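# Observations on chain architecture
Given next are the chains, with one letter for each unit.
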Amino acid sequence: MAGLFFWRKKRDASASPEAAAEVEVPVVEEAPVELAAKVEKPKLFKAKPKPKPVVEPEPVEVVVEPEPEATAIAEPEAPAIPEPEVSSYDTSLESVVETTPVVELPETTTGAEVVSELEAPAPVAEVELEAVELPKRSFKKNLKSLFTRIKFDVENLDDLEDVLIQADFGLDAAVDIVEKVKQRAKKTGATTEKDLKEILTDLIAESLEREDKQLNLADGKLPYVILVVGVNGVGKTTTIGKLSNWLNEGGWRVVIGAADTFRAAAVEQIATWAERSNAQLIRPKTEGQDPASVAFETVELALRNDADVAIIDTAGRLQNKKDLMAELDKIKRVVEKNAQISETLLVIDATTGQNGLVQAKAFAEVANVTGIVLTKLDGTAKGGIVYSIQRELGIPVKLVGVGEGIKDFAFFDAKEFASGLVG
């Protein structure tokens with residue numbers, strides 16, 4: 001399988017997240033504060049260049065003297081204004097404007113330009129990304145062949161149709177595939193079992209191949225947020241752990257949010273996988289905490305710690321689709337306050353057969369599912385559910401799980417999948 005390149009933030013190896021956080025100094029605030037101070041306190045009323053602060057308790061008497069030669073009292077050219085009371089400042093806007101000497105600016109100069117010149121903020125640098133080739137995974141050897149017990153005969157392919165139906169390709173798909181095998185065999189002159197298997201492999205691969213089969217980890221909008229949905233027991237927690245470990249092997253920083261807050265066991269399970277995959281974990285502070293708040297804290301931590309990916313686990317209840325839809329919608333709205341959702345992955349157990357298709361349809365109604373994760377593909381010869389889902393729902397299968405080990409995980413490859421099924 002060709003190398004899979006994704007994009008993540010380029011980092012200096014000697015710099016830590018803590019050091020990077022210290023560098024960011026909010027210099028923008030300084031100039032405005034200084035300007036505001038000058039406006040609020042019109043100290044220019046008493047700006048007298050005296051060598052010593054000899055100020056009498058009653059300075060009003062000195063100012064009131066009508067002597068024309070009292071130049072020492074008002075050294076700067078004082079504007080012809082009513083004499084202010086020194087004991088209490090007139091802080092009205094009119095007084096400040098009239099009495100405060102201000103540098104005159106050209107009429108075309110705006111306040112924003114003045115602030116810009118005074119502050120002179122450094123331009124914000126764009127995030128520098130680098131291409132990363134993550135570790136490859138193969139799953140062909142873990143698949144169980146569908147056709148180990150039947151003989152291929154171009155004149156009689158009824159057995160092929162039966163096997164495809166039993167393998168969860170669905171009746172319509174099975175009939176369509178067999179008809180295409182007959183047509184291509186007649187066109188190419190294929191007669192041997194090997195030739196027919198190659199034709200079948202090519203047809204399945206062509207039907208399953210999609211351009212959007214890769215995870216969306218390349219647009220550079222960090223952190224990449226991945227929601228993981230699915231009913232309980234299909235392997236969501238295991239999938240999150242495997243995916244997190246795979247990303248960690250590629251040098252990515254991962255934060256996991258345990259937002260399935262209604263099952264205490266779910267939090268403990270995902271905590272174990274987070275530790276094994278060297279990922280940070282956000283767990284609910286109390287049992288039954290609002291899942292959306294956990295999701296929000298997860299994205300906040302990812303932003304604060306400069307993480308690349310935030311993976312959020314969700315509840316797997318389908319008994320009441322209305323409640324599930326409301327919960328997922330709330331999580332989506334809360335997350336998108338700080339980051340966009342890159343993927344919503346639906347996890348399906350391959351051993352459930354056509355029931356997996358029912359689950360996919362139900363979740364597709366309540367969530368914007370962007371990809372399928374097919375787990376336990378090594379435990380059955382019914383991988384045809386992949387074909388049914390992509391054919392009926394138009395949702396690509398992106399990941400597959402082929403074991404309980406932390407590395408038993410791979411990207412879906414149509415050619416590899418078809419070759420493993422046909423054998």
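Every chain's residues receive numbers from 1 upward, in the order its sequence appears when written. With pLDDT at 70 or above as the cut-off, local features in this predicted model cover only qualifying residues; side-chain atom pairs require 80 or more to be listed or tallied, and sums for whole chains, interfaces and linings still use all residues. With hydrogens and water set aside, each side-chain value is computed from the structure's full complement of heavy atoms.

### Topic: helix H12 (residues 321-335)
Under the DSSP-based scheme used, a helix requires at least four consecutive residues in state H or I and a strand at least two consecutive residues in state E, with every element numbered from the N terminus. A helix's residues, less one, multiplied by 1.5 Å, set its expected span. Compared with an ideal rise of 1.5 Å per residue, which puts 15 residues at 21 Å, H12 spans 21 Å between its outermost C-alpha atoms and is within 8% of the ideal. Exposed residues in this analysis have more than 50% of their type's maximum accessible area, buried residues have under 20%, and partly exposed residues fall in between, with area computed by a 1.4 Å probe over protein chains only. Considered for burial, the residues of H12 that qualify are Leu-324, Glu-327, Leu-328, Ile-331, Val-334 and Val-335. Summarising the axial view, the buried residues of H12 lie within an arc of 130°, below the 170-degree limit, and thus occupy one face. Throughout, a contact is declared for two residues whenever any of their heavy atoms are within 4.5 Å. Close packing links the buried residues of H12 with strand S3 (224-229), helix H11 (291-304), strand S6 (309-313), strand S7 (341-349) and helix H13 (354-366). For this quantity, the arc is that covered by the directions from the helix axis to the C-beta atoms.

### Topic: the pattern of salt bridges
Criterion for a salt bridge: a side-chain nitrogen of Lys or Arg within 4 Å of a carboxyl oxygen of Asp or Glu. All told, the structure shown has 18 salt bridges when counted by the stated rule. We note a salt bridge from Glu-209 to Lys-213, for which the minimum N-O separation is 3.1 Å. Given a relative accessible area of 41%, Glu-209 falls into the partly exposed group. Between Lys-407 and Glu-249 there is a salt bridge whose closest N-O contact spans 3.6 Å. Residue Lys-407 is found in the loop between strand S9 (397-401) and strand S10 (409-411), and its partner Glu-249 is found in helix H9 (residues 236-249); the two are separated by 158 residues along the sequence. A cluster of three or more residues bridged by salt bridges with shared partners is formed by Glu-209, Lys-213 and Asp-413.

### Here's the deal with the pairing of strand S4 (residues 254-258)
Counting buried positions along S4 gives five out of five residues, so the element sits mostly inside the fold. Here S4 shows two buried faces, one formed by Val-254, Ile-256 and Ala-258 and the other by Val-255 and Gly-257. Being paired, for any two strands, means DSSP has found at least two bridges between them. Summarising the sheet, S4 and S6 pair through five bridges and their orientation is parallel. Paired with Gly-257 across the bridge in S6 is Ile-312. By the bridge criterion, three bridges tie S4 to strand S5 (residues 280-282) in an arrangement that is parallel. Along S5, the bridge assignment pairs Gly-257 with Ile-282.

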